[in-house]
Protein chains: 2
Amino acid sequence: MSVRLAQTARQRAMGLLRAVQSHPSACPCHVCTSGATSAGSLSTLFKAVDHTTNRHGGRAMSAARASDIPQKEYAFEMAASNIRYGPGVTQEIGMDFKNLGIDRVALFTDKNLLNLSPVRVAVEALESQGIKYDIYSDVIVEPKDYGVRDAIEWARRVQPKAYLAVGGGSVIDTAKIANLFQNYPEADLMDFVNAPLGKGRPVDKPLSPLIAVPTTAGTGSETTGTAIFDLVEKKSKTGIAHRALKPLLGIVDPLNTLSMPAQVKASSGLDVLCHSLESWTAIPYCERTPRPTNPILRPAYQGANPISDIFSLQALRMTATYLPRAYRDPEDYEAQENMLLAATLAGVGFGNAGVHLCHGLSYPISSQNKGHQHPGYESVGHPIIPHGVSVAVTSPAVFKFTGASNPERHLAAAQIFGADITNAKMESAGEILSDALKEFLYVKLGDQPRGISELGFGAGDIESLVDGAVPQRRVLNLAPDVHSYDDGRLRESLAGILEESLKF
Amino acid sequence: MSVRLAQTARQRAMGLLRAVQSHPSACPCHVCTSGATSAGSLSTLFKAVDHTTNRHGGRAMSAARASDIPQKEYAFEMAASNIRYGPGVTQEIGMDFKNLGIDRVALFTDKNLLNLSPVRVAVEALESQGIKYDIYSDVIVEPKDYGVRDAIEWARRVQPKAYLAVGGGSVIDTAKIANLFQNYPEADLMDFVNAPLGKGRPVDKPLSPLIAVPTTAGTGSETTGTAIFDLVEKKSKTGIAHRALKPLLGIVDPLNTLSMPAQVKASSGLDVLCHSLESWTAIPYCERTPRPTNPILRPAYQGANPISDIFSLQALRMTATYLPRAYRDPEDYEAQENMLLAATLAGVGFGNAGVHLCHGLSYPISSQNKGHQHPGYESVGHPIIPHGVSVAVTSPAVFKFTGASNPERHLAAAQIFGADITNAKMESAGEILSDALKEFLYVKLGDQPRGISELGFGAGDIESLVDGAVPQRRVLNLAPDVHSYDDGRLRESLAGILEESLKF
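Cut-offs applied
- Residues numbered from 1 in each chain as written.
- Chains lettered and ligands numbered in written order.
- Predicted model: local features only at pLDDT ≥ 70, side-chain atom pairs only at ≥ 80, totals over all residues.
- Heavy atoms only, no water.
- Salt bridge = Lys/Arg side-chain N within 4 Å of Asp/Glu carboxyl O.
- Helix = DSSP H or I, 4+ residues; strand = E, 2+ residues; numbered from the N terminus.
- Buried < 20%, exposed > 50% of the residue type's maximum accessible area, 1.4 Å probe, protein only.
- Polar contact = N/O pair within 3.5 Å; in protein donor to acceptor, adjacent residues only side chain to side chain.
- Contact = heavy atoms within 4.5 Å.
- Pairing = 2+ DSSP bridges.
- Axes fitted to C-alpha atoms, helices over the stretch in contact; angles between N-to-C directions.
- 1 Å grid on protein atoms, 1.4 Å probe; cavity = no way out; pocket = protein on both sides within 12 Å on 5 of 7 lines; lining within 4 Å.
- Points joined across faces, edges and corners; volume = space filled by probe spheres on them.
- Parallel < 35°, antiparallel > 145°, perpendicular 65-115°, else oblique.
- Left-handed = near helix turned anticlockwise from the far one by under 90°.
- Nonpolar A, V, L, I, M, F, W, Y, C, P; charged D, E, K, R; others polar.
- Expected span 1.5 Å × (residues − 1).
- Phe/Tyr/Trp six-rings, centres within 6.5 Å; stacked < 30°, edge-to-face > 60°.
- Lys NZ or Arg CZ within 6 Å of the ring centre and 35° of its normal.
- UniProt positions renumbered as here; feature names shortened; annotations may be inferred.
- Disulfide = S-S within 2.5 Å.

Student: I'm lost on the pattern of salt bridges in this one. Help?
Tutor: Pairs can form between side chains of opposite charge once their charged atoms are near each other. Evaluated as defined, the whole model comprises 46 salt bridges over all chains. Here R149 of chain A ties to D188 of chain A by a salt bridge, and the two come within 3.9 Å at their closest N and O atoms. You can see R149 of chain A sitting in helix α8 (residues 145-158) and its partner D188 of chain A sitting in the loop between α9 (169-183) and α10 (189-192), a full 39 residues away along the chain. Relative accessible area serves as the criterion here: at 35%, R149 of chain A is assigned to the partly exposed category. On the accessibility criterion, D188 of chain A (37% relative accessible area) is partly exposed. The structure contains a network of salt bridges with shared partners spanning E73, E77, R288 and R298 of chain A together with R84, E92 and D96 of chain B.

So, in structure tokens, the structure goes:
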């Protein structure tokens, strides 16, 4: 069944949900036509080209190439780490390295985790198999450029044969970067950093094996080829994203998230929420330009696609259901297990589709922190706006802004949060999702900052926050329509979202 | 929300569907307790262990280990090839090999495909990048042991640096096997063949890169680590299954399936149907024994798990919707695109969960063919019962047999085929799904054999078919309960299913 253009907003949203459930928006055209019937671009391409040549991919493509400049993307690629899930699987990693014929690894973690059970179990697993290890525990939570440079230096000196990262996204991302630059001994950090900030050089050879063991239920970094850090002199976050960076294996062990403080559960869970919502509402892969001239240039963040949709929606449903439970009740193991799995599923979703405005705006919000010390993060030892908090804080304004680009998807998301969309109007889709998010953040979950003013920012900071967000163009462009904005309109739009986000 | 034990069968089945949709049976316990509340084994494990040691995975596991012998599995691993989807992506493979630094590949295909566009496009893609290639086109449809031995000999002689497989499952599977044995020059075919027929040796090193380009929408072999062939002297099919065999990249290009004859669409689509249904109804991963002593021994076919469930259900829904359309209307490109994607999704599902009785019984049905020449397969040049046909022909009897093991899942599947389960009784779940399958096979799709008698088998052949199925114990054991059967009860059960399958 195609997604039908039904009469009411509710029918259309339900149609979309059904379509994604009954086939993961399987017709590529579905994600390319905002809920229009599936008999869209791909079938049209088939029909457009006569069938003797049509059966000849090359010519069909060249035909398209001639007719359409700049060319839109016509394909998507799904890549994810192998995932092993189970309570206690951390104890298997020694055997995994031994099976790979590796007798010495670099163990990346942070000072807070050094004496906690996830690292203890990992070390026991290595020792039980006689695997030697060098520990790098200087990872900074929310890594900075000088921090990753230090890790790179360490890796180039120690020359590990493989990597084991035990920690949250900061630890796993730092290990990915160390692994990359150990394998490119001459490269400078900025060579691989995403353009326009860096040179965006593609990774053209396999890296050393990395096994990632998440200790938070948030980043999904164990499944992705993405690594994020602060570029201090630019007052902004940036990163390196290429599927060659993804871990060989993600060890998803519910025993490792038991020690998360409630506030860390909330913040990392909000990261999952935004990974799901941003990838679900991202520009469809086949609307993105340019079409890469070589598959190695096809970005990991390629827009919503029929497979990422499955993961993003599942993760969104799980987060809406389990995050409040996991946050409120430390004994609710079922909710914790489900949030850990949701984080991994969302990682596969956004890792292959991308995130957009919430993440693009979160980078300056975190890195321009004027002194906010988030409760539950005192042990970090410095003022911090946790990533998940900085991402979610603008979400009510962001999805109100993007609503018009794909009302069906925004209503479908609102319904997952329990909104009644029976008589919803298409033009209200953004507002409806925005209200559903406010109820989720401030009532169902609770204790969340009602705007960036509660994080210490005022109207006078907006221009500087916009300055920090504009370099995230690569990410911002994954929001529908934004890729067509000139700098003026982009700055204006971001400023508008931030103004609305001062106080909800 | 947990899966609730609701009052009526319908409510329970809907609850299960909602649970899988709202979270992919995310609590591992859900798939371990047949629809019971999620507060199952895993949470129990947490609670069972005091929290200081609980945070210590190793001890938690040892505790479990002492208390429970033989130990059930406690983990699952998801692995899938990278998937690239798009009309015309076949033209990119030359660049892919060049990006890998490979200048010469082995191109595996079969004689029928040699002059068709998928191979032409693939060859052009190689030549455009100056990649040299040696063609092996002696692949037999439904490969035999002597055929794969020939391919192994060829590969050991030619020593390709990488493999390109363009074809259906037979071609892709043969390439996987050639790649494996080229990399284990001393090994005998039976060393890696699944036990008990073979020695089931694990693959303990990476193989050469394989890019798989499916030309049918069926096997999903482009995503799996499975390779199947006939063991002629044993009158049965067997195979090699290890995630290390999976292709590096699956090229899912709708332009490559345009030339499928209607009967090939039907048969390969029926394979997708059974991959989905069998993996969805397979034993839950955490009910399977034994727990592997080393992760490398964890089989690819590990039982239903929260992630395979997502893929299997999506593929089932897509197949129920699109297969009849793709079969009846050669111009229905939307249906073809969706069936190709469904085949890939089902491949990820069964590739990590497994198949059971339909596939276990299909092997002797295909290999003991007494002369049936399936319409549309004349070009094969010998009598053939296509894999999909031999798999689906027993399905109405198989799912009637398995219904009692998990009524909710059988009713949920029946509802996907359009069955009204409003007043369904739990004890009728198998019958209801069986009837829904008959209506799908004989009415909605149509032209399918109504039992094995239409394939040339009589009551007198049942014992020999059972003889051929029993060695498939590894696969048969993935059917709930069957792992507990002794040989007598197993033979009796298989005979019963085959007798019922003589004529529907």
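Moving on from the coordinates now.
Student: So what exactly am I meant to see when it comes to the side chain of T109 of chain B here?
Tutor: Residues and elements named next belong to chain B. Along the chain, T109 turns up in the loop between β3 (104-108) and α7 (117-128). For T109, the side chain forms a polar contact with the main-chain oxygen of V166, separated by 2.9 Å. What T109 contacts, discounting residues up to four positions off in sequence, is L114, V119, I135, Y136, S137, D138, V139, V166 and V171.

Student: How should I be thinking about the sheet that holds strand β5 (residues 163-167) of chain A in this particular structure?
Tutor: Hydrogen bonds along the backbone pair up the strands of a sheet, which may run parallel or antiparallel. Ordered in space as β4(A)-β3(A)-β5(A)-β6(A)-β9(A)-β2(A)-β1(B), the seven strands form an open sheet in which the pairing is mixed. Of all strands in the sheet, those bounded by a partner on one side alone are β4 (132-136) of chain A together with β1 (76-78) of chain B. Pairs of neighbouring strands in the sheet enclose a mean axial angle of 20°, with direction left out of account. Two elements, strand β3 (residues 104-108) of chain A and β4 of chain A, share five bridges in a ladder whose sense is parallel. Counted as the bridge partner of F108 of chain A is Y136 of chain A from β4 of chain A. Helix α7 (residues 117-128) of chain A rests against β3, β4 and β5 of chain A of the sheet, and its axis sits at about 155° to β5 of chain A.

Student: Whenever I open this one, empty space enclosed by the protein confuses me. Can you help?
Tutor: Inspection of the entire model under this criterion finds 11 cavities of 30 Å³ or more. Estimates place the volume of the largest cavity at around 290 Å³. Looking at the largest cavity, it is lined by 20 residues, and the ones nearest its centre are A80, F311 and V348 of chain A together with A80 and F311 of chain B. The set of elements that each furnish at least two residues to the lining of the largest cavity consists of α12 (306-328) and α13 (333-353) of chain A together with α12 (306-328) and α13 (333-353) of chain B.

Student: Help me understand the packing of α12 of chain A against α13 of chain A, please; the structure alone is not making it clear to me.
Tutor: When two helices pack together, you describe them by how their axes are tilted relative to each other and by the distance separating the axes. All names here are of chain A. Remark: α12 packs on α13, axes separated minimally by 8 Å, with the N-to-C direction vectors making an angle of 150°. Considering their axes alone, α12 and α13 lie roughly antiparallel with respect to each other. Crossing of α12 over α13 shows left-handed handedness. Here S308, F311, S312, Q314, A315, M318, T319, Y322, L323, R325 and A326 of α12 lie close against α13, whose contacting residues are E334, A335, Q336, N338, M339, L341, A342, L345, A346, V348, G349 and A353. Across the contact of α12 with α13, the residue classes tally to 14 nonpolar, seven polar and two charged.

Student: Looking at this structure, I do not really get helix α8 (residues 145-158) of chain B. What am I missing?
Tutor: Given 3.6 residues per turn, any residue in an α-helix points the same way as the ones three and four places further on. Residues and elements named next belong to chain B. Taking 1.5 Å of rise per residue, 14 residues should cover 20 Å, and α8 covers 20 Å from first to last C-alpha, within 8% of that figure. Every buried residue of α8 is listed here: D145, G147, V148, A151, I152, W154 and A155. Buried-residue contacts for α8 involve β3, β4 (132-136), β5 (163-167), α9 (169-183), α10 (189-192) and β7 (226-231).

Student: What should I look at first to understand the packing of aromatic side chains in this one?
Tutor: Think of a pair of aromatic rings as described by two things: how far the centres are apart, and how the planes are tilted against each other in angle. Inspection of every chain in the model, using the stated rule, returns 21 aromatic pairs over all chains. Members of the aromatic cluster, joined through ring pairs, are F108, Y136, W154 and Y163 of chain A. Over the ring of Y184 of chain A we find K205 of chain A, and its NZ or CZ is 4.5 Å from the ring centre. Its end group placed over the ring of W280 of chain B, R409 of chain B keeps NZ or CZ at 3.9 Å from the ring centre.

Student: Quick question: what am I supposed to make of the UniProt feature "domain: Alcohol dehydrogenase iron-type/glycerol dehydrogenase GldA" (unreviewed entry) in chain A here?
Tutor: Mapped onto this numbering, the UniProt entry gives "domain: Alcohol dehydrogenase iron-type/glycerol dehydrogenase GldA" (unreviewed entry) at residues 81-254 of chain A. The straight-line gap between the two end C-alpha atoms of residues 81-254 of chain A is 18 Å; of that span, 30% is helix and 23% is strand.

Student: Where do I start with the state of the cysteines in this structure?
Tutor: In a disulfide, the sulfur atoms of two cysteines are held together by a covalent bond. All names here are of chain A. Here the structure, examined in full by the defined rule, presents zero disulfides over all chains. Here C274 is not disulfide-linked; the sulfur of C358 is the nearest cysteine sulfur, at 4.4 Å. Relative accessible area serves as the criterion here: at 0%, C274 is assigned to the buried category.

Student: Where do I start with the environment of V252 of chain A in this structure?
Tutor: Residue and element names in this part refer to chain A. By secondary structure assignment, the location of V252 is in strand β9 (residues 249-252). Residue classification places V252 among the buried positions, given a relative accessible area of 0%. For the pair V252 and L341, spaced 89 residues apart in sequence, the C-alpha separation works out to 7.5 Å. When neighbours within four sequence positions are excluded, V252 is seen to be in contact with I83, R84, Y85, G86, V89, E222, L340 and T344.

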